[in-house]
Amino acid sequence: STQSTGSPGDETPLTEKEMEKLISEWTPEPLVPVGAADNEVPVPVIESKVGKYVTVDGKECLNLATMNFLGMIGKLEIEEAAIVSVQKYGVGSCGPRGFYGTIDVHLLLEEKLAQYMECEEAIIYSYGFATVASAIPAYSKRGDIIFCDKEVCYAIQKGILASRSTVYYYNHNDMDHLVELLETQAAKDRKNPKKARVTNRFLVTEGLFINTGQITDLPKLIELKQKYKFRIFLDESYSFGVLGESGRGLTEFYNVDRRNVDMIVGSMEFSLGSVGGFAVWLLFCNQTSTFSRCRICLLSFFASFTR
């Protein structure tokens, strides 16, 4: 150890006696503030199924924090099917599907999801957050362009960040502002058509925004898509099972052709009261499904270790 006289570079070593004096006078600060244990707030303990009602510390309470929109948790037929599944497959593969293998029920669920959403293909995830966060960078890369609503959920934000694409945020549900951004990009494309030909353009948004509770104007987005030539990725995590006559989400709610939406992603952790997520697609996405499916599986594999 050294002591300084105040001038740069003018330092002299401390004697052993001086070091002992400093050490004896030093009082370390406590890692935990004094009295913290006395002010500790007890952690509420749940003692029942997490359904419409939940028992907390022996008291039945109305659960206002649940995402179990349709009351799937607690349904007897679902519980019985779960018991049969556990008896056959165990409690799980203990890891991502890309590492521990695909089980027949994975393929069956993907087939049923694709049929239900009237799309060509589907892929499922073990983690809802990783669904859209993995699907976006599976298609959009550095140099591509993403237009995105400012109020999208955190998972979409992380997916865009992982893609390293150029992103332009438009004001929440403000189609006029979106048109301004699209026109600006169109002017850039006219100046550099060679670059424009190799640049993919995407619009990423939510069907039902978790941050505001508003619904996106999907018919208008489709109209703009046909004019400005971009692909729509729609996150239906909160609208799946809720909007539309049969719960198919925003496309059914607005009665628009699903072929106008290039990819629909959703979580199974909300209206279905389960875990994981899914992505369904057609047209463009189906044309590159082999390559992109591998990328999605790989990204989902790494996401399971980083959550």
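That block above? That's the structure.
Predicted model, so just to flag it, every value in this text is computed and none were measured.

(A) Geometry of the sheet that holds strand β6 (residues 145-149). Pairing in this open sheet of seven strands is mixed, and the strands run β5-β11-β10-β9-β8-β6-β7 from one edge to the other. Two strands bound the open sheet, and with one partner strand each, they are β5 (121-125) and β7 (166-170). Averaged over all adjacent pairs, the angle separating strand axes in this sheet is 20 degrees, with direction ignored. Relative to strand β9 (residues 231-235), strand β8 (residues 201-206) is paired through five bridges, and the arrangement is parallel. Bridged to Leu203 within β9 is Ile232. On top of the sheet, helix α4 (residues 104-116) reaches β5 and β11 (277-281); it is set at about 130 degrees to β5, its chief contact. Taken strand by strand, helix α6 (residues 154-163) contacts β6, β7, β8 and β9, and its axis lies near 165 degrees from that of β6.

(B) View of a nonpolar patch on the surface. A surface patch of nonpolar side chains, amounting to about 380 Å² of accessible area, comprises Met67, Phe69, Leu70, Ile210 and Val242. Mapping Met67 onto the fold places it in the loop between β4 (59-62) and α2 (76-89). The class of Met67 is partly exposed, set by a relative accessible area of 31%.

(C) Summary view of the pattern of salt bridges. If you walk through the whole model with that rule in mind, you get nine salt bridges. Close ionic contact of Arg259 with Asp257 constitutes a salt bridge, the shortest N to O distance being 2.7 Å. Residue classification places Asp257 among the partly exposed positions, given a relative accessible area of 34%.

(D) Looking closely at the pairing of β6. Across the five residues of β6, five count as buried, placing the element largely inside the fold. Neither face of β6 is left uncovered, since the one carrying Ile145, Phe147 and Asp149 and the one carrying Ile146 and Cys148 both have all their residues buried. The parallel pair β6 and β7 is bridged by α6, and the resulting crossover is right-handed. Of the strand pairs in this sheet, β6 and β8 are connected by four bridges, and their pairing is parallel. Directly across from Ile145, in β8, lies its bridge partner Arg201.

Procedures and definitions
- Residues numbered from 1 in each chain as written.
- Predicted model: local features only at pLDDT ≥ 70, side-chain atom pairs only at ≥ 80, totals over all residues.
- Heavy atoms only, no water.
- Pairing = 2+ DSSP bridges.
- Helix = DSSP H or I, 4+ residues; strand = E, 2+ residues; numbered from the N terminus.
- Axes fitted to C-alpha atoms, helices over the stretch in contact; angles between N-to-C directions.
- Contact = heavy atoms within 4.5 Å.
- Patch = residues over 30% accessible without salt bridge, like charges linked within 9 Å, V, L, I, M, F, W, Y side chains within 5 Å.
- Areas by Shrake-Rupley, 256 points an atom, 1.4 Å probe, with all protein chains shown as cover.
- Salt bridge = Lys/Arg side-chain N within 4 Å of Asp/Glu carboxyl O.
- Buried < 20%, exposed > 50% of the residue type's maximum accessible area, 1.4 Å probe, protein only.
- Right-handed = clockwise from strand over helix to strand, strands pointing away.

Scope: geometric values only; no functional claims are made or implied.
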